[in-house]
Amino acid sequence: MPDPSGETPPRSAAIPLSPGLRRAGDEGDPVVAAAPEDPARAITELAAAVAASRPRPFSPR
C-alpha cells in the first residue's frame, strides 16, 4: 500500500497463512509453540528483526 507520498514502502516480511496458523489462532495457542516448524514462524523472525532495529531505551540504575 502506498504511503501519503505515493511511494510503496519496502516489505519487511511475508507471513504465510498456513492451516496451522489459522488452527492455532482459533484455539488460542501460539503457532510457533504448537508447531515450531510451521512456516508462520516468520512472525517471530519479523518481530526479532524489528526489535533488533530499534534503539534500546535508557534504563536508569
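Residues numbered from 1 in each chain as written. Predicted model: local features only at pLDDT ≥ 70, side-chain atom pairs only at ≥ 80, totals over all residues. Heavy atoms only, no water.

Trainee: I would appreciate a short explanation of the overall build of the chain in the present structure.
Mentor: Within the chain one finds three helices and zero strands. Listed by position from the N terminus, the elements making up the chain come as α-α-α. Taking as baseline every contact in the chain between residues at least 6 positions apart, the subset at least 24 positions apart corresponds to 26%. Surface summary for the chain: the accessible area is close to 5,300 Å², and the carbon and sulfur share equals 59%. (Helix = DSSP H or I, 4+ residues; strand = E, 2+ residues; numbered from the N terminus. Contact = heavy atoms within 4.5 Å. Areas by Shrake-Rupley, 256 points an atom, 1.4 Å probe, with all protein chains shown as cover.)

Trainee: In this structure, what is going on with the pattern of salt bridges? I would like to understand it.
Mentor: Counting across every chain of the model gives two salt bridges. Between D26 and R22 there is a salt bridge, and its shortest N-O distance comes to 3.0 Å. Here the residue D26 and the residue R22 both occupy positions in helix α1 (residues 19–27), the gap between them amounting to four residues, near one helical turn. Measuring nitrogen to oxygen at the nearest pair gives 3.8 Å for the salt bridge that ties E45 to R41. (Salt bridge = Lys/Arg side-chain N within 4 Å of Asp/Glu carboxyl O.)

Trainee: Would you explain the environment of V31 in this entry?
Mentor: As for its position among the elements, V31 is in helix α2 (residues 31–34). Measuring from C-alpha to C-alpha, the distance between V31 and R41 comes to 7.7 Å, with ten residues separating the pair along the chain. If sequence neighbours within four positions are ignored, V31 has contacts with G20, L21, A24, P36, D38 and A40.

Trainee: Whenever I open this one, the side chain of D38 confuses me. Can you help?
Mentor: Residue placement: D38 occurs in the loop between α2 and α3 (42–53). Despite being buried, D38 has no salt bridge partner; R23 is the closest side chain of opposite charge, sitting 6.3 Å away. Among the polar contacts listed, one links the side chain of D38 to the side chain of S18, at a separation of 2.7 Å. Ignoring anything within four residues of it in the chain, the contact list for D38 reads S18, G20, L21 and V31. (Buried < 20%, exposed > 50% of the residue type's maximum accessible area, 1.4 Å probe, protein only. Lys, Arg positive; Asp, Glu negative; His and termini not counted. Polar contact = N/O pair within 3.5 Å; in protein donor to acceptor, adjacent residues only side chain to side chain.)

Trainee: Can you walk me through the side chain of S18 in this structure?
Mentor: By secondary structure assignment, the location of S18 is in the segment before α1. Given the relative accessible area of 11%, S18 is considered buried. If we ignore the near neighbours within four places in the chain, the residues touching S18 are D38, P39 and A40.

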